[in-house]
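Next come the chains, spelled out residue by residue.
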Amino acid sequence: MSRKPIVVGNWKMNTTRAEAVALANGVAEGTKATTSVEVGVAPPFVYIPAVSMALCDASSNVLVGAQNAWHEDKGAFTGEVSISQLKDVGTQLVILGHSERRHVINEPDEVIQAKTEKSLASGLLTILCIGETLEQREAGETDRINKAQLRSALTDLTLSDPAKLVIAYEPVWAIGTGKTATPHDAQAAHAAIRTVLADLFDQGTADAVRIQYGGSMKPENAAELLAQPDIDGGLIGGASLKPDAFLAIVNAAAS
Ligand code: PGA
């Protein structure tokens, strides 16, 4: 089964408006000839319109994404942004359940489930993040945690287009720490995730859903990680803030 790799930059709470536009332009320029990898960038909410416009002006295929969303369309949810509002300003993908939302902002599983269901129903490309903490890894619980997070977000969900769901396996201990899972360990986790997807949906769906690795992916380690059979791209934090580093990872995914 051939899956088109997907590499997405998660800019987190970084950049000014001008820096966001410059970064988007750099990514657009460097991916002009890229057809074998799906590429996206997720700026802070407030810069989505500016980035969307820059990518549009550059006639770029790079997708613009949000780092979070709320699952109700409108109403009394102070400080939240709905999926329909995000789509209204050109958003094409959304990252949900990121470990910083799970562990720093304490977002519960039920909320991540509601957001995932709503996002997929809306047709947005949906990146669902999962992953274990260091304590859980050391206790040998990686696969159990990944399975629980997948089941909680995806059980009873109808997936009409498996290409619209992307799982980002991001071991919490590897995010922003410079520590990366070994290609062997990452591959083992990805293969186990695919088995869970086959149980939740069917084998064909599991084979079509892309599973990204995230957690200190950089040009120096990307090729080896991306060469693993079940690693279908990357969700990139720190290295996505420098066009050269991000583009090197995109190129590693293309080859
Ligand atoms: P990192 O972040 O690449 O800086 O480790 C990845 C992420 O949080 O998605």
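First, a word on what this report is: a plain description of the structure on this page. (Residues numbered from 1 in each chain as written. Predicted model: local features only at pLDDT ≥ 70, side-chain atom pairs only at ≥ 80, totals over all residues. Heavy atoms only, no water.)

### A short note on the site of the ligand
Surrounding the ligand, one finds 13 residues, the nearest of these being Lys 12, His 98, Glu 170, Gly 176 and Ser 216. At 2.7 Å, a side-chain N or O of Lys 12 approaches an oxygen atom of the ligand. A distance of 2.7 Å separates an oxygen atom of the ligand from a polar atom in the backbone of Ser 216. Coverage of the ligand by the protein amounts to 96% of the 280 Å² it exposes when considered alone. Looking at the shell around the ligand, its residues break down into four nonpolar, seven polar and two charged. (Near = heavy atom within 4 Å. Polar contact = N/O pair within 3.5 Å; in protein donor to acceptor, adjacent residues only side chain to side chain. Areas by Shrake-Rupley, 256 points an atom, 1.4 Å probe, with all protein chains shown as cover. Nonpolar A, V, L, I, M, F, W, Y, C, P; charged D, E, K, R; others polar.)

### Overview of the pairing of strand E8 (residues 233-236)
Of the two faces of E8, both are covered, the one formed by Gly 233 and Leu 235 as well as the one formed by Gly 234 and Ile 236. The sheet contact formed by strand E1 (residues 6-10) and E8 spans four bridges and is parallel. Note on E8: the bridge partner recorded for Val 8 is Leu 235. On the question of chirality, the crossover connecting strand E7 (residues 210-214) to the parallel E8 by way of helix H10 (residues 219-226) is right-handed. (Buried < 20%, exposed > 50% of the residue type's maximum accessible area, 1.4 Å probe, protein only. Helix = DSSP H or I, 4+ residues; strand = E, 2+ residues; numbered from the N terminus. Pairing = 2+ DSSP bridges. Right-handed = clockwise from strand over helix to strand, strands pointing away.)

### Some points on the packing of H10 against helix H11 (residues 243-254)
Close contact between H10 and H11 brings their axes to 9 Å; oriented N to C, the two are set at 20°. The angle between H10 and H11 falls in the class roughly parallel. Relative to H11, H10 is oriented so that their crossing is right-handed. Residue-level contacts link Pro 219, Ala 222, Ala 223 and Leu 226 of H10 to Ala 245, Ala 248, Ile 249, Ala 252 and Ala 253 of H11. Partitioning the contact of H10 with H11 into residue classes produces nine nonpolar, no polar and no charged. (Axes fitted to C-alpha atoms, helices over the stretch in contact; angles between N-to-C directions. Parallel < 35°, antiparallel > 145°, perpendicular 65-115°, else oblique. Left-handed = near helix turned anticlockwise from the far one by under 90°. Contact = heavy atoms within 4.5 Å.)

### Focus on unusual backbone geometry
Although it is not a glycine, Lys 12 adopts a positive phi angle of roughly 50°. Although it is not a glycine, Ser 216 sits at a positive phi angle of roughly 55°. Within the secondary structure layout, Ser 216 lies in the loop between E7 and H10. According to the relative accessible area criterion, Ser 216 is buried, its value standing at 16%.

### Side note on the sheet that holds strand E3 (residues 63-66)
Taking strand neighbours around the barrel as the criterion, the eight strands line up as E1-E2-E3-E4-E5-E6-E7-E8 in a closed arrangement whose pairing is parallel. Neighbouring strand axes in the sheet, compared pairwise and without regard to direction, differ in orientation by 25° on average. Across the sheet, helix H5 (residues 109-122) lies against strand E4 (93-96), strand E5 (125-130) and strand E6 (165-169), angled at about 160° from E5, the strand it touches most. On the sheet, helix H7 (residues 142-154) packs against E5 and E6 and is oriented at approximately 145° with respect to E5.

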